[in-house]
Amino acid sequence: MAFYEFTKMHGAGNDFIVLDGVRQQISLSPAQLRALADRRFGIGADQILLVEPAQHGEADFRYRIFNADGSEVEHCGNGARCFVRFVHEQGLSDRNPLHAEIATGTLTLTEQADGEVTVDMGICRFEPATLPFDPDGLTTRTTGEATQWALPLEGETEPVWIVPVSISNPHAVQVVTDVDTAPVARTGPLIESHPRFARRVNAGFMQILGRHDIRLRVYERGAGETLACGTGACAAAVAGIRLGLLDSPVRVQTRGGDLTIRWDGTRLAMTGPATTVFTGRFDTDTLVGD
Ligand SMILES: N[C@H](CCC[C@H](N)C(=O)O)C(=O)O
């Protein structure tokens, strides 16, 4: 038997199992991660966040992210806000701002007096190769500073016009007239696993409300539609600014709550909530593997 303590948290309804890999040695297989994230046979979560000692000097801790399908990924914006709340609540550190090491660099995380958390989200890139995305032979159009590609989908009569954005993790953002009627359930999976995206992709559906306001739904890579996606909110805001439709700051209304994104063309920052729901412990022997 191996018992592990966990904390259940969410950032605007995007929910997480958070594990302390500093005071307990944790090693979980993809099958065990899938079992933990299962909403019937396990605890249930969109992602699992693992806090570990930093591997490089300048960060305070290492921050690892696993999707509900067990895949390890590069970044999670809502999770970063919960990560810093977890570190402070667990007494792992009282530093504020805190520096978190992710696969592609170091994030600066600041808990604010009002309880919200601001995350320096790192860099965003637009070159298809950074996702990676293979645009070869696809029709393109340029709007403002942004290039959109017409992505054909299996069984769909019309292609979807996507803006590829890397927030260390890959996003394909499209503009829709109404997020409530957008075919997220039907086309989200087709985009997520589209063969043009070698490491799959998060599919964003953005409705423009005004120069500083959008509504957003995201069909996440490795998790399906979530109530909010932090990196997805960043990708949508940046895509909208480059399309000439938005100006920073952008309020992103998601089904789980609101996020604020600031982008000056280089520095990308996100502010939003982080909530602790409950704590517990699980025994890996009781996890029903697939
Ligand atoms: N599904 C994402 C990781 C989680 C991102 C999301 N939950 C966020 O808040 O940024 C991916 O595979 O890249």
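Note that the coordinates shown come from a computational prediction; the quantities given were computed from them, not determined experimentally. (Residues numbered from 1 in each chain as written. Predicted model: local features only at pLDDT ≥ 70, side-chain atom pairs only at ≥ 80, totals over all residues. Heavy atoms only, no water.)

1. Regarding the nonpolar core
One finds Tyr-63, Phe-83 and Leu-268 to be the most contacted residues of the largest nonpolar core, which totals 57 residues. With eight residues, the top contributor of residues to this core is helix H4 (residues 230–242). The residues that make up this core include at least three from each of domain 1 (3–120 + 274–283) and domain 2 (123–268). Excluding anything up to four places from it in sequence, Tyr-63 contacts Leu-49, Leu-50, Cys-76, Gly-79, Ala-80, Phe-83, Ala-100, Glu-101, Ile-102 and Leu-107. In terms of nonpolar packing, the next biggest core, distinct from the first, is built from 19 residues, Leu-151, Ala-182, Ile-191 and Ala-203 among them. (Core = buried A, V, L, I, M, F, W, Y, C linked by side-chain atoms within 4.5 Å. Buried < 20%, exposed > 50% of the residue type's maximum accessible area, 1.4 Å probe, protein only. Helix = DSSP H or I, 4+ residues; strand = E, 2+ residues; numbered from the N terminus. Domains from an automatic or database assignment. Contact = heavy atoms within 4.5 Å.)

2. Points about the pairing of strand S17 (residues 257–263)
Side-chain alternation along S17 places Gly-257, Leu-259, Ile-261 and Trp-263 on a buried face and Asp-258, Thr-260 and Arg-262 on a face that remains uncovered. Summarising the sheet, strand S16 (residues 250–254) and S17 pair through five bridges and their orientation is antiparallel. Directly across from Gln-253, in S17, lies its bridge partner Asp-258. Linking two consecutive strands that pair antiparallel, namely S16 and S17, is a turn of two residues. Bridging between S17 and strand S18 (residues 268–272) involves four bridges; their strand directions are antiparallel. What sits directly across from Trp-263, in S18, is Leu-268. What sits between the antiparallel neighbours S17 and S18 is a turn of four residues, in which Gly-265 has the positive phi angle 100°. (Pairing = 2+ DSSP bridges.)

3. Comments concerning the confidence of the model for the protein
On average, residues of the protein score 96 in pLDDT, and 99% of them are at 70 or above. Model confidence for the complex is summarised by a pTM of 0.97, with the ipTM given as 0.99. (pLDDT = per-residue confidence, 0-100.)

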